[in-house]
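# Remarks on the overall topology
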Amino acid sequence: MSEFRRPLISAVLVLVSVGLFASLLPQTSFVSRSSGEFVDAIGPVWPDQSVEQVLDGVDIVSEVRIWTRARFDRGEAPVVASLLRGQDEQPVRQVRFPIRPNKLLEPYVLVFPPYRPAPGEELTLQLWVSTERRAERELDYYVMFGTSERESGASLTLNSEPTDYGPLAYEVIWRGTGWQAALEGSTPDLARLAGGLAAAALAIAITVLSHPLVSRTLRNTTRKMRIAFTSLASRVQTAMRLSQDRRASRPSAARRAYYVFPWLFPAFAILHYLSSNIILFRLSESIAVFVIATSRLRLDFLGDL
């Protein structure tokens, strides 16, 4: 690399690094806690029934994305979403929203006033299917909720009874700077942060390597390593050549012969099957199978000759 191009490349990398770091300053929405997208569904959840999911490891709850749908031919289903404190199960936040009828699960974002749980406080998301439309021509509407792959410690209940599904498929969404999003594991923001750090590291490395003393030391070290590698390769080639010459000079009688008996492979399979089913089969019944298997191998071998 030319000595005149190194400072230019280093300056470009510094600008790229600063640009990526500056792009992390504005506010952005990111997923701070997720159980994953839905892979299954729990339900039907009828009016006056509820699904509850413990939200583990959340600092602040403001928006929660879930996957759900209502019965396709019964219109919208009203649902009340509540955040319950674990100690007394009292709602600290509550929103009401309608679930549209659909044949497929679709995402919904529940928007709560921001709530920060106290240290050690357990927070539960409750989804209760309201009964306010049940009197309309006695509609038997219901709601289905998406569930994710089961995690250890995940708590999903239907009408306060543990289920074999879960956890509920949910994502806790929060707004903050791109720096916070990157530290929380947001993929786009983490990629920008990693790119900025990589560009800064490359700029520093090019600047350091451009120093005359460092450059001269690296050239000397590279030359010494090349000489050492060439010497080692030459010694290895010489040793291999001597070994080949010694093997070629041995008398043919001293060489060791190795024999392979391929009929042992089918014999082992037949005998193993017979020993595992000795009650159902007799030893004489395996002789014909053994002869056929070994004869076929022998004929194939003779055919190749």
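Residues numbered from 1 in each chain as written. Predicted model: local features only at pLDDT ≥ 70, side-chain atom pairs only at ≥ 80, totals over all residues. Heavy atoms only, no water.

## Some details on the confidence of the model for the protein
Here is the rule we go by: One confidence number per residue, pLDDT, is output by the predictor and ranges from 0 to 100. Only DSSP runs of H or I reaching four residues or more are called helices, and only runs of E reaching two or more are called strands; each is numbered from the N terminus. In what follows, residue pairs with any heavy atoms lying within 4.5 Å of each other are defined as contacts.
Of all residues in the protein, 85% attain a pLDDT of 70 or more, and the chain-wide mean is 81. Helix H6 (residues 285-304) is the least confidently modelled element of the protein, averaging 62 in pLDDT, while strand S9 (residues 143-147) averages 93, the highest of any element. The low-confidence segment residues 297-305, where pLDDT is below 50, has three contacts with residues more than four positions distant or belonging to other chains.

## Overview of a nonpolar patch on the surface
To keep it simple, the criterion reads: Patch definition: residues with relative accessible area over 30% and no salt bridge; like charges joined within 9 Å; nonpolar side chains (Val, Leu, Ile, Met, Phe, Trp, Tyr) joined within 5 Å. Note that accessible areas follow from Shrake-Rupley with a 1.4 Å probe, and for residues the cover is restricted to the protein chains shown. Any carboxyl oxygen of Asp or Glu that lies within 4 Å of a side-chain nitrogen of Lys or Arg is treated as forming a salt bridge with it.
Together, Leu-8, Val-12 and Val-16 give the surface a local cluster of nonpolar side chains, amounting to about 260 Å² of exposed area. Residue position: Val-12 is located in helix H1 (residues 5-22).

## A short note on H1
How we decide: Take the number of residues in a helix, subtract one, and multiply by 1.5 Å to get its expected span. Burial classes: relative accessible area under 20% of the type maximum marks a residue as buried, over 50% as exposed, and values in between as partly exposed (1.4 Å probe, protein chains only). Taking the helix axis as origin, the arc is that swept by the directions to the C-beta atoms.
Spanning 18 residues, H1 covers 26 Å between terminal C-alpha atoms, matching the ideal 26 Å at 1.5 Å per step. Within the sequence span of H1, burial applies to Arg-6, Ser-10, Leu-13 and Ser-17. Here the buried residues of H1 occupy an arc of 65° about the axis, which is enough to place them on one side. Residues of H1 that are exposed and point over 90 degrees away from its buried face: Arg-5, Leu-8, Leu-15 and Val-18.

## Some thoughts on the sheet that holds strand S6 (residues 91-99)
Rules: Between any two strands, pairing holds if DSSP finds at least two bridges.
An order of S6-S5-S8-S3-S10-S11 is seen for the six strands of this open sheet, with the pairing classed as antiparallel. The sheet terminates laterally at S6 and strand S11 (161-162), the two strands that pair on one side only. Bridging between strand S3 (residues 50-55) and strand S10 (residues 156-158) involves three bridges; their strand directions are antiparallel. Bridged to Val-51 within S10 is Leu-158.

## Concerning a positive patch on the surface
Put simply, the test is: By the counting scheme adopted, Arg and Lys are positive, Glu and Asp are negative, and His together with the chain ends is not counted. Note on charges: their place is set at NZ of Lys, CZ of Arg, CG of Asp or CD of Glu.
Taken together, the side chains of Arg-216, Arg-219, Arg-223, Lys-224 and Arg-226 define a basic patch exposed on the protein surface. Here Arg-226 lies in helix H4 (residues 212-249).

## What about helix H5 (residues 264-276)?
Here H5 contains 13 residues, and its C-alpha end-to-end distance of 18 Å stays within 8% of the 18 Å for a straight helix at 1.5 Å per residue. Here H5 has its buried residues at Pro-266, Ala-267, Ile-270 and Leu-274. Looking straight down H5, one finds that the buried residues subtend no more than 100° of arc, so they occupy a single side. Structural note: H5 exposes Phe-265 and Phe-268 on the side pointing more than 90 degrees away from its buried face.

## Regarding the pattern of salt bridges
Per the stated rule, a full pass over the model turns up eight salt bridges. One salt bridge in this structure joins Asp-73 and Arg-71, with 2.9 Å as the shortest N-O distance. Looking at Asp-73, the relative accessible area reads 46%, which means it is partly exposed. Take Arg-71: its relative accessible area is 18%, and that puts it in the buried class. The salt bridge involving Asp-73 is made with Arg-74; its shortest N-O contact spans 3.2 Å.

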